[in-house]
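# Report on the structure
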Amino acid sequence: MAKPKTIFICSKCGAEFSQWFGKCANCDTYDSLVEENATPFGVDIPSRGGVGNWHAAPGGIKPSSSKPAKPRASLTFDQISDRQIARWESGYGELDRVLGGGVVPGSMVLIGGDPGIGKSTLLLQVSNELSQRYRILYVTGEESGQQVKLRASRLGMSKPINVVTEENSENEEEGKDTDKVCKNTEEIIEHHTIGSDLYVLPETDLEEILREIDSLKPNLAVIDSIQTVFFPALTSAPGSVAQVRECTAALMKVAKHEDITMLIVGHVTKEGTIAGPRVLEHLVDTVLYFEGDRFASHRLLRTVKNRFGATHEIGIFEMVSNGLREVPNPSELFLGNRDDPAPGTAIVVACEGTRPIVVELQALVSPTSYPSPRRAGTGIDYNRLVQILAVLEKRVGIPMSKLDSYVASAGGLNVEEPAVDLGIAIAIVASFRDRIVDPETVLIGEVGLGGQVRSVSQMELRLKEAAKLGFKRAIIPKGQKFPDLNIEILQVSKVIDAIIAAIPHQSLEDIDLETDEKDEDE
């Protein structure tokens with residue numbers, strides 16, 4: 001038997017080579033070539049000349065044929081049925097939001113995130129909720145069935161979990177221990193009042209997983225994780241480029257043909273991207289990233305790709321003792337104490353997709369002791385921070401080149417859109433002048449290099465969110481008209497105008513009172 005032909009493919013750019021090299025000649029990336037079979041799954045690819053003889057005729061012109069042209073399997077739009085797809089409610093409104101309104105039957109969703117962020121916890125909780133109405137298969141390649149059951153008990157799940165093992169399958173086939181199994185099941189149902197259609201399969205072999213899916217016929221299958229699944233016909237190790245690509249392609253084929261929803265967990269690299277080939281994100285229908293700070297309790301579920309809804313939507317969860325809990329009003333989570341305002345704080349309204357979030361920005365400005373001042377930003381774009389500092393020095397006259405500047409968002413939420421520029425600028429100026437911005441005022445607008453305040457998108461949605469939370473005034477760019485939103489709107493065209501409106505001047509009486517108080521203390 002002839003040895004199967006292998007090729008070497010770059011995991012970064014996809015270039016193919018007949019032998020291994022330490023450096024890809026196409027993208028200059030080191031140690032990126034991966035060995036793969038030239039014909040995966042042992043399928044021989046037909047010659048190009050045998051399909052229609054396109055290369056037989058001179059000039060590439062197709063020879064005339066007496067057979068009439070007709071489709072074999074393709075359909076026109078009129079022949080495709082207009083069946084409305086009914087989405088499933090996952091039991092978690094935050095997840096339904098990022099998916100575009102619910103789980104689409106037959107879709108394939110990829111969820112990535114840092115280790116320990118809560119990917120498996122979220123999917124186990126969602127599987128438990130959906131198992132009340134549908135048959136769910138939870139495939140775990142990183143834990144045993146007992147470990148999954150222990151985690152489910154810690155999460156406070158009230159539904160029993162059926163662990164699928166080889167011993168259970170043999171007992172069902174041979175009819176052994178039927179009375180014992182029924183007795184145990186009755187005890188479980190009596191204790192938890194309701195049964196469950198949640199099945200757990202500890203397996204990493206792709207062929208065994210596909211056999212279980214074909215036998216169980218679940219409505220939804222969870223693969224945790226795709227980097228642990230391997231196809232025995234490939235010689236590469238689990239998690240390699242070839243294994244991840246071929247296993248994902250096989251699961252996608254089953255999902256589309258059998259109308260089974262697939263939720264796949266993907267590992268991430270140290271750069272924060274999904275581990276494996278880039279084609280993995282192209283194959284699936286939806287890509288979600290589970291983000292969060294290890295020092296904070298909240299978690300963000302962000303949409304990067306969605307064929308059935310809008311992208312850049314976010315769902316917010318909070319990690320508590322019994323698992324993940326939804327945060328219905330995230331503005332309260334990222335808003336500081338408005339009863340005790342401090343100098344250098346400003347309130348902005350950021351938009352993540354179609355969700356407005358009110359966030360408090362904090363700034364600290366102090367004289368530098370270094371030849372080059374320090375700039376640091378947490379939760380904001382560093383390049384935009386440097387740009388705003390340059391605008392304040394050039395257009396407003398604040399000597400930012402002699403001051404250290406630190407800006408952070410409350411709660412660690414990343415707010416990198418241009419609409420928060422005005423809030424950053426006002427917070428920096430308030431810290432420099434040691435003034436308190438009115439805690440009942442929100443700031444919305446983009447700062448231009450000329451010191452202009454530019455308009456941003458979804459302004460009415462932002463103002464409605466601010467009014468709903470009790471804010472009395474909003475400083476926004478000039479040039480837009482809005483209906484009565486129960487909030488005072490102050491429109492400005494320059495940054496200096498926004499500074500005058502947001503930071504009140506200190507009167508002479510206040511200065512005299514402060515001087516008298518200092519004299520009394522002395």
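This section reports on the structure supplied with the text. As the structure is a computational prediction, the values presented were derived from the model and not from experiment.

For the peptide bond that leads from D224 to S225, omega is 5°, which places it in the cis range. Residue position: S225 is located in the loop between β8 (220-224) and α7 (241-258). Non-glycine residue D28 carries a positive phi angle of around 60°. By the element assignment, D28 lies in the loop between β2 (16-17) and β3 (33-37). By relative accessible area, D28 is classed as partly exposed at 48%. Of note, the phi angle at K217 is positive, near 55°, even though the residue is not glycine. Taking relative accessible area as the criterion, K217 reaches 54% and is therefore assigned exposed.

Another point: the sheet that holds strand β13 (residues 323-326). With mixed pairing, the ten strands of this open sheet are ordered in space as β6-β7-β5-β8-β9-β4-β10-β11-β12-β13. Two strands close off the open sheet at either side, each with one partner strand: β6 (162-163) and β13. Of the strand pairs in this sheet, strand β5 (residues 136-140) and β8 are connected by five bridges, and their pairing is parallel. Among the inter-strand pairings, Y138 is bridged to a residue of β8, identified as V222. Its contacts with the sheet put helix α6 (residues 206-216) on β5, β7 (198-202), β8 and β9 (261-266), and the angle it makes with β5 is roughly 170°. Across the face of the sheet, α7 comes into contact with β4 (108-113), β8 and β9 while running at roughly 160° to β9.

This brings us to the packing of helix α11 (residues 421-433) against helix α13 (residues 495-502). Taken N-terminus to C-terminus, the directions of α11 and α13 make an angle of 60°; their axes are 10 Å apart at the nearest point. Taken together, the axes of α11 and α13 are oblique relative to one another. Judged by the twist between their axes, the crossing of α11 over α13 is right-handed. In this structure, α11 contributes L422, I426, V429 and R433 to the contact, and α13 contributes A498, I499 and A502. A per-class count over the contact of α11 with α13 returns six nonpolar, no polar and one charged.

This brings us to helix α2 (residues 119-130). Along its twelve residues, α2 runs 17 Å from first to last C-alpha, staying within 8% of the 16 Å computed at 1.5 Å per residue. Burial analysis of α2 places eleven of its twelve residues in the buried class, the great majority of the element. Within α2, the full set of buried residues consists of K119, S120, T121, L122, L123, L124, Q125, V126, S127, N128 and L130.

It is worth spelling out the pattern of salt bridges at this point. Applying the stated rule across the entire model yields 17 salt bridges. With its nearest N and O atoms 3.6 Å apart, the salt bridge here joins E460 to K464. Highlighted residues: E460 and K464, both in helix α12 (residues 459-468), separated by four residues, approximately one helical turn. Judged by relative accessible area, which is 45%, K464 ranks as partly exposed. Overlapping salt bridges bring together E207, E208 and R211 as one network.

Another aspect to go through is helix α10 (residues 382-396). The terminal C-alpha atoms of α10, which comprises 15 residues, lie 20 Å apart, in line with the 21 Å expected from a rise of 1.5 Å per residue. Along α10, the residues that are buried comprise R384, L385, I388, L389, V391 and L392. All buried residues of α10 project into a common sector of 160° when viewed along the axis, lining one side. Away from the buried face of α10 by more than 90 degrees, exposed residues N383 and K394 are located. In the core, the buried residues of α10 are packed alongside β16 (375-378), β17 (403-409), α11, β19 (446-447) and α13. One or two steps after α10, the chain reaches G397, where phi turns positive at roughly 95°.

The nonpolar side chains of a soluble globular protein tend to be buried, and buried together. Of all hydrophobic cores here, the largest spans 46 residues; its most connected members are I424, I426 and I428. Of all elements in the fold, only β12 (314-320), β14 (345-352), β15 (355-367), α10, β17, α11 and α13 reach the threshold of two or more residues within this core. Sort the elements by how many residues they give to this core and α11 lands first, with eight residues. Non-local contacts of I428, meaning those with residues more than four positions away in its chain, are made with A363, V365, L385, L389, L392, M400 and V407. Formed by 32 residues, the second largest nonpolar core is a distinct cluster that contains I117, L122, V126 and Y134.

You can see V407 is positioned in strand β17. Along the sequence, V407 and G379 sit 28 residues apart, while their C-alpha atoms lie 8.5 Å from each other. Not counting residues within four places of it along the chain, the set of residues in contact with V407 comprises Q362, A363, A376, G377, T378, I380, L385, I424 and I428.

This brings us to the pairing of β17. A regular strand places its side chains so that they alternate between the two faces of the sheet. Among the seven residues of β17, five are classified as buried, and the element is accordingly described as predominantly covered. In terms of strand pairing, β15 meets β17 through seven bridges, oriented antiparallel. Its bridge partner lying in β17, Q362 is registered against A408. In this sheet, β17 lies alongside β16 in parallel orientation, the contact comprising four bridges. Bridge pairing links G377 to V407 in β17. Between β16 and its parallel partner β17, the chain crosses via α10, and the hand of that crossover is left-handed.

We now examine the packing of aromatic side chains. Scanning the model with the defined rule gives four aromatic pairs in all. Taking the centre distance of 6.0 Å and the plane angle of 75° together, the rings of F17 and F21 count as edge-to-face. Ring geometry for Y92 and F317: centres 6.4 Å apart, planes at 55°, overall tilted. Highlighted residues: Y92 in the loop between β3 and α1 (93-98) and F317 in strand β12, separated in sequence by 225 residues. Neither residue differs from the other here; Y92 and F317 are each classed as buried. By way of ring pairs, the aromatic residues Y92, F290 and F317 are connected into one cluster.

Rules of the game
Residues numbered from 1 in each chain as written. Predicted model: local features only at pLDDT ≥ 70, side-chain atom pairs only at ≥ 80, totals over all residues. Heavy atoms only, no water. Helix = DSSP H or I, 4+ residues; strand = E, 2+ residues; numbered from the N terminus. Buried < 20%, exposed > 50% of the residue type's maximum accessible area, 1.4 Å probe, protein only. Pairing = 2+ DSSP bridges. Contact = heavy atoms within 4.5 Å. Axes fitted to C-alpha atoms, helices over the stretch in contact; angles between N-to-C directions. Parallel < 35°, antiparallel > 145°, perpendicular 65-115°, else oblique. Left-handed = near helix turned anticlockwise from the far one by under 90°. Nonpolar A, V, L, I, M, F, W, Y, C, P; charged D, E, K, R; others polar. Expected span 1.5 Å × (residues − 1). Salt bridge = Lys/Arg side-chain N within 4 Å of Asp/Glu carboxyl O. Arc of directions from axis to C-beta. Core = buried A, V, L, I, M, F, W, Y, C linked by side-chain atoms within 4.5 Å. Right-handed = clockwise from strand over helix to strand, strands pointing away. Phe/Tyr/Trp six-rings, centres within 6.5 Å; stacked < 30°, edge-to-face > 60°.

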